[in-house]
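Fold and geometry: a report
What follows is each chain in one-letter form.
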Amino acid sequence: MMTQRQLTLNLFIYPGGHHEAAWRYRDSAPERVFDITYYQELAQHAEREKFDAIFFADGPALSEDMRYSARVRFEPITWLTAIAAVTSRIGLIGTASTTYYEPYNLARLFGTLDHISNGRAGWNIVTTSAPASAANFGLAAHPPHHERYARATEFVDVTTKLWDSWEDDAPHYDKVSGLFADGSKIHPIDHSGPYYSVRGPLNIPRSPQGRPVYVQAGSSEDGRAFAARYAEAIFTAHQTVESARAFYADIKARAWALGRGPDAIRVLPGISPFIGSTEAEAKRLSEEFDALIQPAHSLNQLKAMTGLDLTGHDLDAPFPRQLVDESFAVASRFQVVLDIVDREKPTVRQLIRRLAGARGHWVKVGTPEQVADAIQLWFDTGAADGFNVMPPWFTGGFDIFASEVVPILRKRGLFREEYTGSTLREHYGLPRPAAGSGTSQARVA
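Anyway, here's the lowdown on the structure attached to this text. (Residues numbered from 1 in each chain as written. Predicted model: local features only at pLDDT ≥ 70, side-chain atom pairs only at ≥ 80, totals over all residues. Heavy atoms only, no water.)

Details of the packing of helix 5 (residues 221-230) against helix 6 (residues 241-257)
What counts, and what does not: All axes here are fitted lines through C-alpha atoms, helices being fitted over the stretch that makes contact, and every angle between N-to-C directions spans 0 to 180 degrees. For helices the rule is a DSSP run of H or I covering at least 4 residues; for strands it is a run of E covering at least 2, with both sets numbered from the N terminus onward. Angle categories: roughly parallel below 35 degrees, roughly antiparallel above 145, roughly perpendicular from 65 to 115, and oblique for all the rest. Crossings are sorted by hand: turned counterclockwise from the far helix by less than a right angle, the near helix makes the crossing left-handed, and turned clockwise it makes it right-handed. Contacts were defined at the residue level, with two residues in contact if any of their heavy atoms lie within 4.5 Å. Note that Gly is not counted as nonpolar here; it falls among the polar residues with everything else outside the nonpolar set of Ala, Val, Leu, Ile, Met, Phe, Trp, Tyr, Cys and Pro and the charged set of Asp, Glu, Lys and Arg.
Put simply, helix 5 and helix 6 touch, their axes get as near as 8 Å, and they point 55° apart. Classified by the angle their axes make, helix 5 and helix 6 are oblique. The two elements helix 5 and helix 6 meet at a crossing, and its hand is right-handed. Together, Glu221, Arg224, Ala225, Ala227 and Ala228 of helix 5 and Phe247, Asp250, Ile251, Arg254 and Ala255 of helix 6 make up the contact between the two elements. Split into classes, the residues belonging to the contact of helix 5 with helix 6 amount to six nonpolar, no polar and four charged.

A few points about the side chain of Glu47
How we decide: The cut-offs for exposure are 20% and 50% of the maximum accessible area for each residue type, with area from a 1.4 Å probe on protein chains only; residues under the lower value are buried, those over the upper are exposed, and the others partly exposed. Asp and Glu count as negative and Lys and Arg as positive, but His and the ends of the chain are not part of the count. A carboxyl oxygen of Asp or Glu within 4 Å of a side-chain nitrogen of Lys or Arg is what we treat as a salt bridge. The definition of a polar contact used here is a pair of N or O atoms within 3.5 Å, where within protein one atom must be able to donate a hydrogen and the other to accept one, and adjacent residues in sequence count solely through side-chain atom pairs.
With respect to the helices, strands and loops of the structure, Glu47 is situated in helix 1 (residues 36-48). Summary of buried charges: Glu47 has no salt-bridge partner, and the nearest side chain of opposite charge, Arg120, is 4.3 Å away. Separated by 2.9 Å, the side chain of Glu47 and the backbone nitrogen of Ser88 make a polar contact. Separated by 2.9 Å, the side chain of Glu47 and the backbone nitrogen of Ile90 make a polar contact. Glu47 has contacts with Thr87, Ser88, Arg89, Ile90, Arg120 and Tyr419, leaving out every residue within four places of it along the chain.

Structural notes on the packing of aromatic side chains
The criterion, for reference: In summary, the pairing rule links any two rings of Phe, Tyr or Trp, Trp by its six-membered ring, whose centres are within 6.5 Å, and it sorts them by plane angle into stacked for under 30 degrees, edge-to-face for over 60 and tilted for everything else. Whether a charge sits over a ring depends on NZ of Lys or CZ of Arg being within 6 Å of the ring centre and within 35 degrees of the ring normal.
Tallied over the full model, the rule gives 27 aromatic pairs. Relative to Tyr39, the ring of Tyr38 has its centre 4.8 Å away and its plane inclined at 80°; by these criteria the two rings are edge-to-face. With respect to burial, Tyr38 and Tyr39 carry one shared label: buried. When the centroid spacing of 5.3 Å and the interplanar angle of 75° are considered together, the rings of Tyr173 and Phe180 count as edge-to-face. This pair shows no difference in class: Tyr173 is exposed, exactly as Phe180 is. Site record: aromatic cluster; members linked through ring pairs are Phe34, Tyr38, Tyr39, Phe56, Phe74 and Trp79. Its guanidinium or amino end placed over the ring of Phe379, Arg5 lies 3.8 Å from that ring's centre, counting from NZ or CZ. Over the aromatic face of Tyr14 sits the side chain of Arg359, whose NZ or CZ is 4.0 Å from the ring centroid.

Focus: the nonpolar core
Put simply, the rule reads: The term nonpolar core refers to a set of buried residues drawn from Ala, Val, Leu, Ile, Met, Phe, Trp, Tyr and Cys, joined through side-chain atoms within 4.5 Å.
Phe51, Ile54 and Trp123 are the most contacted members of the largest nonpolar core, which has 70 residues in total. Setting aside residues no more than four positions away along its own chain, Phe51 makes contact with Leu9, Asn10, Leu11, Ala46, Ile90, Val389, Phe398, Phe401, Val406, Phe415, Arg416 and Tyr419. Grouped together as the second largest cluster of nonpolar side chains are 28 residues, Met305, Leu315, Val324 and Leu351 included.

Shown next as structure tokens:
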């Protein structure tokens, strides 16, 4: 008998919460964003709720506007290692840039995390969009978009080879013969390409998952092509179910054309829910958060998404759509913002409030039943395989989702009661890849 398809749910942990003014909310604790126990407690709560994974974003530069936001960036692999020590089942997904790491070093870091966590690591593969990062690595300029993706392609190929450089049965531990490992089953990769020259092999054996789960979040043409080839989960932002369905169909079709099966990739949009006992209460909560935003910070965020600097512009005038430079479309949220503008014709103030909730991700305002209904609609109609849950604030925003929405999803048979596996691949329903198998999961006709 076929089992019912179930949601994948990750908890996306952002310092303080996902609303840009979360740290100012009366129930938040911004002083704890530097405290590892705060994140450990969030991960433990998500594990009690049987979430698939927690996720940390990252970027190798300080936010341009730290005056008004709690956007600190701890190095996620170290941070997740501390969380691995106090959890046992939940997946651990961290972000690392193919532009500002080296393959050998990153393969060791994530491979070690996968060993420490007994197979729970996931790598969110990014190319880094922030130009300010270049100066932190001795570069005169940030590489252009297409070059970053060309570099990323080679980077993932190299790290895959490194993780596969030990055959699974290379370790022997044979005390009688004295053979610790069979050297004939540990292979140099001898990679030489346009961006990297790496001899290998890696100096640690294959990890419990074979290699970490590959996650990706690009939405440009280059990003979609990259995701279709390599990603096993895709984090994406959509404002409407129609947009999400179109993206979902496009990614699955691209993956199919590359010989990958329909279950090879989990498409996981973000959802940031404001939940109240009534719809009116949920709206009041959302409005309370929006009243706390700092327009100067919001305009900086809008500039990063659209390339348009509206400092000094009348906030109550219509957003000047005609001033947008379409060549800025490589920014990951560019099209999301333009779709909002074209669909809703907002003023600048309305737009920055619209984006304050979750930087272009879907903000759902409603009762627990309404949030669960919306999640099920997207899940049942080909818009999502699950969601990155992005609470507006911590810890309360997640507490409410866990206590009010998750039980409804369970009652409908949409989310697990208990873990059935122990690795992130098992949670996602992904096979453990054999050494040398590459990144594709062959489709089944």
